[in-house]
Amino acid sequence: MDQPFDLPPGLGEKLLTGFFDANGVLTYANTPFRDRMGVGPGGEMSFSKEGFFSADDGERMLRTLKDCLVHPDIYVRIETRSRKDGDRFYRWEFKTLCDYQGKVIGVHCNGYDISAMQEEKAKLLISDTLTNNVSDAVITTDTNFKIVSWNSVAEEHYEISAKDAIGRSFNEIVKYNQPTEEYEAMRASLMNNGAWEG
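Residues numbered from 1 in each chain as written. Predicted model: local features only at pLDDT ≥ 70, side-chain atom pairs only at ≥ 80, totals over all residues. Heavy atoms only, no water.

Caption draft 1: Summary view of the nonpolar core. Ranked by internal contacts, the top residues of the largest apolar core, which has 18 residues, are Phe20, Phe33, Leu65, Ile78, Trp92, Phe94 and Val107. Of all the elements in the fold, those that place two or more residues in this core are strand 1 (16–21), strand 2 (26–29), helix 1 (31–37), helix 2 (55–70), strand 3 (75–82), strand 4 (88–98) and strand 5 (104–113). If you tally residues by element for this core, the top one is helix 2, at four residues. With eleven residues, the next largest nonpolar core counts Ile147, Ile160, Ala162 and Met186 among its residues. (Core = buried A, V, L, I, M, F, W, Y, C linked by side-chain atoms within 4.5 Å. Buried < 20%, exposed > 50% of the residue type's maximum accessible area, 1.4 Å probe, protein only. Helix = DSSP H or I, 4+ residues; strand = E, 2+ residues; numbered from the N terminus.)

Take a look at the structure:
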């Protein structure tokens, strides 16, 4: 049995999960954990060893594990960077497990690859910076024409704050009498190309 609980489809091969006993000895590790960390149950576990973690991240992981072993009912989340996996980012969650008397019996550790999420954050930051540093009103909507972003020029032009505009219908705020065929062409451009200028 490699996975002791049900996971959403596709997450099982991405989730790194391990269990450390009260002495900090790894007693369970799923296949992705063993493959990436290079260690399995009973093997020597050194987060600071060169390889998967940088020395700094390895030390943080080791300190976190030690903290969890001495503090009952603690939950900690940290993020690290893996050089072994091509400079990917991971979010690690540590949860201390206790017996019925409150004595620490071990630590459950899960690692998730969050590289795609980090890349999206960076793209959004760049997009947000560009959107707010142009001289045109830039308004983005979803496919139902609900406003999802509203830059500072749009705030000045329409005299409505981004806070008040986001979530509302574009047509509710921007009153523009447009012939049906132009409206349909605009909608088609948005649906097919993801953008429209006009």
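Still more ground to cover, so stick around.
Caption draft 2: Representation of the confidence of the model for the protein chain in the model. This prediction gives the protein chain a mean pLDDT of 76; 80% of its residues lie at or above 70. Averaged over each element, pLDDT in the protein chain is lowest for helix 3 (residues 115–131) (73) and highest for helix 5 (residues 162–165) (90). Predicted confidence for residues 1–9 stays below pLDDT 50, and this span has 17 contacts to residues more than four positions away or in other chains. (pLDDT = per-residue confidence, 0-100. Contact = heavy atoms within 4.5 Å.)

Caption draft 3: Region of interest: the pairing of strand 4. Where strand 3 and strand 4 come together, eight bridges link them in antiparallel fashion. The partner of Val76 across the bridge, within strand 4, is Phe94. Bridging between strand 4 and strand 5 involves nine bridges; their strand directions are antiparallel. By the bridge assignment for strand 5, Trp92 is matched with Gly111. A loop of five residues connects strand 4 with strand 5, the two strands running antiparallel in sequence, and Gly102 in this loop sits at a positive phi of about 90 degrees. (Pairing = 2+ DSSP bridges.)

Caption draft 4: Seen up close, the sheet that holds strand 2. Strands sit in the order 2-1-5-4-3 across an open sheet of five strands; the sheet is antiparallel. This sheet does not close on itself; its edge strands, each paired only once, are strand 2 and strand 3. The sheet shows a mean angle of 20 degrees between the axes of neighbouring strands, direction not considered. Against the sheet, helix 2 engages strand 1, strand 3, strand 4 and strand 5, with an angle of about 165 degrees to strand 3. With respect to the sheet, helix 3 is in contact with strand 3, strand 4 and strand 5, its orientation differing from that of strand 4 by roughly 125 degrees. (Axes fitted to C-alpha atoms, helices over the stretch in contact; angles between N-to-C directions.)

Caption draft 5: Seen up close, the packing of aromatic side chains. A complete count under the given rule lists two aromatic pairs for this structure. Ring centres of Trp150 and Tyr158 lie 5.4 Å apart, and the angle between their planes is 45 degrees; this geometry places the pair in the tilted category. The exposure class of Tyr158 is partly exposed, given its relative accessible area of 29%. (Phe/Tyr/Trp six-rings, centres within 6.5 Å; stacked < 30°, edge-to-face > 60°.)

Caption draft 6: Layout of the pattern of salt bridges. In the structure shown here, the tally under the stated rule is two salt bridges. The salt bridge involving Arg77 is made with Glu93; its shortest N-O contact spans 3.0 Å. In this pair, Arg77 sits in strand 3 while Glu93 sits in strand 4, placing the two residues 16 residues apart along the sequence. With a relative accessible area of 47%, Arg77 lands in the partly exposed category. The class of Glu93 is buried, set by a relative accessible area of 14%. A salt bridge links Glu172 to Arg168; the nearest nitrogen and oxygen atoms lie 2.9 Å apart. Judged by relative accessible area, which is 29%, Arg168 ranks as partly exposed. (Salt bridge = Lys/Arg side-chain N within 4 Å of Asp/Glu carboxyl O.)

Caption draft 7: Focus on the environment of Leu130. Tracing the backbone through its elements, the reader meets Leu130 in helix 3. Taking the C-alpha atoms as reference points, Leu130 and Asn151, separated by 21 residues in sequence, lie 9.9 Å from one another.

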